Amino acid sequence: MAAKGALDGGLGGEAAVADVSALGDAPRIRAILTHAARAGRSVSYSELLGDLGFRFTRPKMRAVCKTLGEVDRLCALDGEPDLAVLVVRESDRLPGQGWWVGGTALLLGYDGPWEGAAAARFIREQQQAVFDYWVDR
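Structure report, in brief.

Quick notes on the rules
- Residues numbered from 1 in each chain as written.
- Predicted model: local features only at pLDDT ≥ 70, side-chain atom pairs only at ≥ 80, totals over all residues.
- Heavy atoms only, no water.
- Helix = DSSP H or I, 4+ residues; strand = E, 2+ residues; numbered from the N terminus.
- Buried < 20%, exposed > 50% of the residue type's maximum accessible area, 1.4 Å probe, protein only.
- Areas by Shrake-Rupley, 256 points an atom, 1.4 Å probe, with all protein chains shown as cover.
- Expected span 1.5 Å × (residues − 1).
- Contact = heavy atoms within 4.5 Å.
- Axes fitted to C-alpha atoms, helices over the stretch in contact; angles between N-to-C directions.
- Parallel < 35°, antiparallel > 145°, perpendicular 65-115°, else oblique.
- Lys, Arg positive; Asp, Glu negative; His and termini not counted.
- Salt bridge = Lys/Arg side-chain N within 4 Å of Asp/Glu carboxyl O.
- Polar contact = N/O pair within 3.5 Å; in protein donor to acceptor, adjacent residues only side chain to side chain.
- Nonpolar A, V, L, I, M, F, W, Y, C, P; charged D, E, K, R; others polar.

1. So, the overall build of the protein
Item 1. Broken down by element type, the protein carries six helices and four strands.
Item 2. In sequence order, the secondary structure elements of the protein are arranged as β-β-α-β-α-α-β-α-α-α.
Item 3. Across the 137 residues that make up the protein, the buried fraction comes to 42%.
Item 4. If you sum the accessible surface of the protein, you get close to 7500 Å²; carbon and sulfur atoms cover 55% of it.

Structure (structure tokens):
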């Protein structure tokens, strides 16, 4: 049986029992991000948490961020592009610090700033590669 958490505000504002195991459910998060990739769109941290049944809080965001590493590991095992690059801040539509310090950008040849025009251009290119991969799959 899945672990249950405290009451959390649902997407409509109603209180509901939230399944805290969803924060670490890499296959579920991978499915959400694959769906977004097929639709050609990024997903904010808040949207992702909402899809899992939670309101945005920093502790929940950090828990999901840990799971994004596992999502990308599963993608790599299946020969698919990383999906974590699709998860972005609402403010500037760029991934958070954890994505940048995780080393993916360096592995992809980017050694620039984590914010601003150069970062936005790099992230758009990486996201477009993910969208292109998933468009007909």
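Back to the write-up after that little detour.
2. With respect to the environment of Asp51
Item 1. Its place among the elements puts Asp51 in helix H2 (residues 45-51).
Item 2. Owing to a relative accessible area of 41%, Asp51 belongs among the partly exposed residues under this scheme.
Item 3. Taking C-alpha positions, Asp51 is 8.9 Å from Ile29, a pair spaced 22 residues apart along the chain.

3. Points about helix H6 (residues 117-134)
Item 1. Helix length check: H6 (18 residues) gives 26 Å between terminal C-alpha atoms against 26 Å at 1.5 Å per residue, within 8%.
Item 2. Those residues of H6 not exposed but buried are Ala119, Ala120, Phe122, Ile123, Gln126, Gln127, Val130, Phe131 and Trp134.

4. Notes on the environment of Asp72
Item 1. By the element assignment, Asp72 lies in helix H3 (residues 58-77).
Item 2. The exposure class assigned to Asp72 is buried, which follows from its relative accessible area of 10%.
Item 3. Taking the C-alpha atoms as reference, Asp72 lies 8.4 Å from Arg30; in sequence the two are 42 residues apart.
Item 4. Discounting chain neighbours no more than four positions away, the residues touching Asp72 are Asp82, Leu83 and Ala84.

5. Examining the packing of helix H1 (residues 26-39) against H6
Item 1. It is at 7 Å that the axes of H1 and H6 come closest, and there the two elements cross at 90 degrees. In terms of orientation, H1 and H6 fall into the roughly perpendicular class. Seen from H1, the contacting residues are Thr34, Ala37 and Arg38; seen from H6, they are Val130, Phe131 and Trp134.

6. Comments concerning the side chain of Asp72
Item 1. Of the side chains bearing the opposite charge, Arg30 lies closest to the buried Asp72, which forms no salt bridge; the N-O distance is 8.1 Å.
Item 2. A polar side-chain atom of Asp72 sits 2.8 Å from the main-chain amide nitrogen of Leu83.
Item 3. In this structure the side chain of Asp72 is engaged in a polar contact, spanning 3.1 Å, whose partner is the backbone nitrogen of Ala84.

7. Digging into the packing of H1 against H3
Item 1. Their axes nearest at 9 Å, the elements H1 and H3 cross at an angle of 75 degrees. By the criterion of interaxial angle, the relationship of H1 to H3 is roughly perpendicular. Contacts between H1 and H3 involve Ala26, Ile29, Arg30 and Leu33 on the former and, on the latter, Val64, Thr67, Leu68, Glu70, Val71, Leu74 and Cys75.
Item 2. In the contact of H1 with H3, the residues fall into eight nonpolar, one polar and two charged.

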